[in-house]
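# Coordinate inspection notes
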Amino acid sequence: MRGRRRHPRRHRRVPGPITSWSLIASNDSSQTNISAAAVYFVYGFGAALGQVAPWTVDAELYSRNATSAALIAIALGAGIPPTKFKGIDVGTNQAMISSVGQSLNPEAALGFVSTEVADLNRDTVHTLAYQAPDQSCAYWPDSTATGFDKRNVRDGHYDLWSPYNFYVPVDGEGEITNPETRRLVGYFTGAEPLPDGLPLLDIIIDNGTIPQCAMQVWRDEEIGPLYSLQPDAPCGCYFESRAAGGTDCQACAGDGDCSADAPVCRHGYCEVI
């Protein structure tokens, strides 16, 4: 008796808010930056074999397992197979913060977390500026070591970032099959109007992530090549005002308050379109 042929379930990936990934050091460490080449040798071979000072002590090289989103992104950026990534698997973000931030050998301690986690723990750890393989200098996710504007992520200078992704079942036409799922995803993509009283943009920003409307670059694959992005309804000015506590953009109550180079008033600030 022949069994029924099963058709593979179709899914579609829908990108959501953006997070960046931070290589972190203790606040008692003097280190301020790290290159992709250094990450390759340290996490690719182990601290002792990698011989990149001061990260030469295996007991101070902290890591996660091969399914960690942060590990995968950093591994891709440095050219390390995720399953070959070295270091002590600490299990959780908080354990990573504690291991690095409370290290008794802080100059040698190295770890990584999502940047929003690093930002919440700046009292014990700091994000290292990162130099990607094709760059001549290193950049922080923000325009300064102490900022929160994520400007270098948003304009493409900081390479270690990824969108969160929704994976949703779709029909043969590529349409999301479940109406509730379609509505939820539509809130993030702008395809569905937000319910009254749901400040989704503020929630995304306050969570330490970046809405797509604040990005000026995009990529179609994990840590892949970048290309220029012009959102349909940009919100970079509002993002900076809320995330960083201020912006250089012109405040406005309507389009009439804006100049020709940024003629549209969005979320209380003049944007380019």
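Heads up: these notes are all about the structure in this document. Predicted model only: the values in this text are computed from it and were never measured.

What follows is about a nonpolar patch on the surface. A surface patch of nonpolar side chains, about 410 Å² in accessible area, is lined by Tyr40, Phe41, Phe45 and Leu49. In terms of residues, the nonpolar patch owes the most to one element, helix α1 (residues 36-45), which gives 3 residues. Tracing the sequence through the fold places Phe45 in helix α1. We classify Phe45 as partly exposed; its relative accessible area is 40%.

A complete count under the given rule lists 11 salt bridges for this structure. A salt bridge links Arg219 to Asp159; its shortest N-O distance comes to 2.9 Å. Note that Arg219 is positioned in the loop between β9 (217-218) and β10 (227-228) and Asp159 in the loop between α6 (151-154) and β8 (161-169), a separation of 60 residues in sequence. Judged by its relative accessible area of 3%, Arg219 falls in the buried class. For Arg183, the salt bridge goes to Glu180, with nearest N and O atoms at 2.8 Å.

Turning our eyes to something else, we now look at helix α7 (residues 179-189). Those residues of α7 that sit buried are Val185, Gly186 and Tyr187. Packed against the buried residues of α7 are β1 (11-26), β8 and α8 (200-206). Between the side-chain oxygen at the start of α7 and the backbone nitrogen of Glu180 there is a gap of 2.9 Å, and the oxygen is on Asn178. Among the residues trailing α7, Gly190 stands out with phi positive, at a value near 90°.

For Glu240, the location among the structural elements is in helix α9 (residues 236-243). Glu240 has contacts with Asp149, Arg151, Arg154, Gly245, Gly246 and Thr247, leaving out every residue within four places of it along the chain.

What follows is about the packing of aromatic side chains. Following the criterion strictly, the structure yields 9 aromatic pairs and no others. Ring geometry for Tyr43 and Phe112: centres 5.7 Å apart, planes at 70°, overall edge-to-face. Of the two residues, Tyr43 is situated in helix α1 and Phe112 in strand β5 (residues 111-114); the sequence distance between them amounts to 69 residues. We note that Tyr43, like Phe112, is buried. Between the aromatic rings of Tyr130 and Tyr158, the centroid separation amounts to 6.4 Å while the plane-to-plane angle is 65°, which identifies the pairing as edge-to-face. Here Tyr130 is found in strand β7 (residues 129-131), whereas its partner Tyr158 is found in the loop between α6 and β8, with 28 residues between them in sequence. By relative accessible area, which is 1% here, Tyr130 ends up buried. Its guanidinium or amino end placed over the ring of Phe148, Arg122 lies 3.9 Å from that ring's centre, counting from NZ or CZ.

Parameters at a glance
Position numbers for residues count from 1 along each chain, tracking the sequence in the order it is written. Two thresholds apply to this predicted model, a pLDDT of at least 70 for residue-level local features and 80 or more for giving and counting side-chain atom pairs, whereas whole-chain, interface and lining totals are computed over all residues. Side-chain calculation: all heavy atoms of the structure are included, whereas hydrogens and water are not. Grouping into patches uses exposed residues only, defined as over 30% relative accessible area, and leaves out salt-bridged ones; the cut-off is 9 Å for like charges and 5 Å for nonpolar side chains (Val, Leu, Ile, Met, Phe, Trp, Tyr). Accessible areas in this description were obtained via Shrake-Rupley with a 1.4 Å probe; residue shielding takes into account the shown protein chains only. We define a salt bridge as a side-chain nitrogen of Lys or Arg found within 4 Å of a carboxyl oxygen belonging to Asp or Glu. Runs of E in the DSSP output that reach at least two residues are strands. Runs of H or I that reach at least four are helices, and both are numbered from the N terminus. With a 1.4 Å probe rolled over the protein chains alone, any residue whose accessible area is under 20% of its type maximum counts as buried; one over 50% counts as exposed, and the rest are partly exposed. Two residues form a contact once any of their heavy atoms are found within 4.5 Å. Any pair of nitrogen or oxygen atoms within 3.5 Å is treated as a polar contact; in protein, a donor-acceptor pairing is required on top of that, and neighbouring residues in sequence qualify only through side-chain atoms on both sides. Stacked, tilted and edge-to-face are the three classes applied to pairs of Phe, Tyr and Trp rings, where Trp contributes its six-membered ring and a pair requires centres within 6.5 Å; stacked means planes under 30 degrees apart, edge-to-face means over 60, and tilted covers the rest. Comment: the charge-over-ring label is applied if NZ (Lys) or CZ (Arg) is within 6 Å of the ring centre and within 35 degrees of the ring normal.

These figures capture arrangement, not role.
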